[in-house]
Amino acid sequence: MILSRSRASRKAAPAPAGGDGQRLVPRHVAIIMDGNGRWAKARHLPRLAGHRAGAEAVRRTLRAASKLGIECVTLYAFSSENWKRPEQEVADLTGLMKQFLRAELDELHAGNIRLRIIGDHRAFEPEAAAMLDAAMEKTAGNDGSTLVVALNYGSQDELARAMRALGEQVKAGMLDPAQITPETIAAQLDTADLPPLDLLVRTSGEVRLSNFLLWQAAYAELYFTDTLWPDFDEAALAAAVEAYARRERRYGGL
Ligand code: IPE
Ligand code: IPE
Ligand code: MG
């Protein structure tokens, strides 16, 4: 099982810290899985080998997240800017995604995990898009935990789509612009029904968000590690969660 609720255990939570009533284990963790190319380069391997090793890190990380009792994991797998990469690399990444679904979907489903996509996955080749649709449909009724995959996702694109939807409602006379609040905007985002983002992790030493969850990260705790994504494992996730548990979240208050 990859992310099964039944195996979720609070016992794995790190030592207490933070403010009163603050959860030690984040409900929602998002990860910018970066560094596959550099991992391969350091080994004189093609970039594809790095992406393959990255897919193994995804499997490990989902199992580790399940053990920790994390309710929702969002993985940045392909950004709306990643189309700038060579056609062959895009094809390799699409192929790996299909391979991952073929190998893991039954296990995800058996583990009561719901698969969600954020971003517009219809831009991928038709077979890949159809496999993703089928996987979401198959797991839609699962209520154990949620695996969210960001595919052809860009935060600015997501916000632009949300603003267009609100604009259409205004135009149709269904919405008064004075009623637009942070809540109405959040309700239009791809993440509308997900738990609030608690912890945002980026691997590979880059210290930027690269157009990922800009709105949702408003009060998320940020964690950057030099570990390259293919080397990420249970201990690396535990270190991120331990760092989170030591943070004091104040949300602007005292
Ligand atoms: C992350 O690794 C995977 C994707 C963006 C799809 P990279 O491919 O960006 O690896 P680096 O940054 O070149 O090392
Ligand atoms: C961010 O990584 C996107 C994903 C991990 C899918 P990039 O490698 O594309 O980010 P930049 O180009 O270094 O900002
Ligand atoms: Mg990168």
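As a reminder, the structure under discussion sits directly above these lines.
Keep in mind that this is a model prediction, so the values were computed, not measured. (Residues numbered from 1 in each chain as written. Chains lettered and ligands numbered in written order. Predicted model: local features only at pLDDT ≥ 70, side-chain atom pairs only at ≥ 80, totals over all residues. Heavy atoms only, no water.)

Novice: Sorry if this is basic, but what is going on with the site of ligand 2 here?
Specialist: Around ligand 2 sit Ile 32, Met 33, Asp 34, Tyr 76, Ala 77, Phe 78, Asn 82, Arg 85, Arg 202, Arg 208 and Ser 210, and those are all the residues in its vicinity. In this structure, an oxygen atom belonging to ligand 2 sits 3.2 Å away from a side-chain N or O atom of Asp 34. A distance of 2.8 Å is found between an oxygen atom of ligand 2 and a side-chain nitrogen or oxygen belonging to Arg 208. Taken by itself ligand 2 offers 390 Å² of open surface, and the protein chains cover 77% of this. Here ligand 2 occupies the largest pocket. Per-element accounting of the shell around ligand 2 gives the leading share, three residues, to strand E2 (residues 72-79). Residue classes in the shell around ligand 2 are distributed as five nonpolar, two polar and four charged. (Near = heavy atom within 4 Å. Polar contact = N/O pair within 3.5 Å; in protein donor to acceptor, adjacent residues only side chain to side chain. Areas by Shrake-Rupley, 256 points an atom, 1.4 Å probe, with all protein chains shown as cover. 1 Å grid on protein atoms, 1.4 Å probe; cavity = no way out; pocket = protein on both sides within 12 Å on 5 of 7 lines; lining within 4 Å. Sits in = over half its atoms within 2 Å of the grid points. Helix = DSSP H or I, 4+ residues; strand = E, 2+ residues; numbered from the N terminus. Nonpolar A, V, L, I, M, F, W, Y, C, P; charged D, E, K, R; others polar.)

Novice: Just to check I follow, could you spell out the pattern of salt bridges for this structure?
Specialist: For side chains of opposite charge, pairing can occur when their charged atoms come near one another. A full pass over the atoms with the stated rule returns 23 salt bridges. Its salt-bridge partner being Asp 193, residue Arg 116 comes within 2.5 Å of it at the nearest N-O pair. Taken as a pair, Arg 116 in strand E3 (residues 113-118) and Asp 193 in the loop between helix H6 (182-188) and strand E5 (199-202) lie far apart in primary sequence, 77 residues in all. A salt bridge links Arg 208 to Glu 206; its shortest N-O distance comes to 3.5 Å. Salt bridges here are not isolated pairs; linked through shared partners, they connect Asp 34, Arg 38, Arg 202, Glu 206 and Arg 208. (Salt bridge = Lys/Arg side-chain N within 4 Å of Asp/Glu carboxyl O.)

Novice: Explain the nonpolar core to me, please; I cannot follow it from the model alone.
Specialist: Inside soluble globular proteins, nonpolar side chains tend to come together where they are buried. In this structure, Ile 70, Leu 75, Leu 147, Leu 151, Val 201 and Leu 237 are the most contacted members of the largest nonpolar core, which totals 44 residues. Of all the elements, helix H3 (residues 87-110) adds the most residues to this core, at seven residues. Of all hydrophobic cores here, the second largest spans 15 residues; its members include Ala 30, Phe 212, Leu 213 and Ala 220. (Core = buried A, V, L, I, M, F, W, Y, C linked by side-chain atoms within 4.5 Å. Buried < 20%, exposed > 50% of the residue type's maximum accessible area, 1.4 Å probe, protein only.)

Novice: Sorry if this is basic, but what is going on with the site of ligand 1 here?
Specialist: Around ligand 1 sit Met 33, Asp 34, Gly 35, Asn 36, Gly 37, Arg 38, Arg 47, His 51, Ala 77, Asn 82, Arg 85 and Leu 93, and those are all the residues in its vicinity. Between an oxygen atom of ligand 1 and a side-chain N or O atom of Asp 34, the distance comes to 2.9 Å. One nitrogen or oxygen atom from the side chain of Arg 85 is found 2.7 Å from an oxygen atom belonging to ligand 1. Protein coverage of the free-state accessible area of ligand 1, which is 380 Å², stands at 86%. Here ligand 1 is seated within the largest pocket. Of the residues contributing to the shell around ligand 1, the split by class is three nonpolar, five polar and four charged.

Novice: Which parts of the structure should I look at to understand the environment of Arg 52?
Specialist: Looking at where Arg 52 falls in the secondary structure, it is placed in helix H2 (residues 47-68). In sequence terms Arg 52 and Ala 172 are 120 residues apart; their C-alpha atoms lie 48 Å from each other.

Novice: What exactly am I supposed to notice about the layout of surface pockets here?
Specialist: One number sums up the size of the largest pocket: a volume of about 860 Å³. As for the largest pocket, its lining consists of 37 residues, of which Met 33, Tyr 76, Ala 77, Phe 78 and Leu 93 are closest to the centre. Listed by contribution, the elements that provide at least two residues to the lining of the largest pocket are helix H1 (36-42), H2, E2, H3, E3 and strand E4 (145-153). Of the residues forming the lining of the largest pocket, the biggest block, seven residues, is contributed by H3. Across the lining of the largest pocket, the residue classes break down as 22 nonpolar, nine polar and six charged. Quantified by volume, the second largest pocket comes out at close to 550 Å³. (Points joined across faces, edges and corners; volume = space filled by probe spheres on them.)

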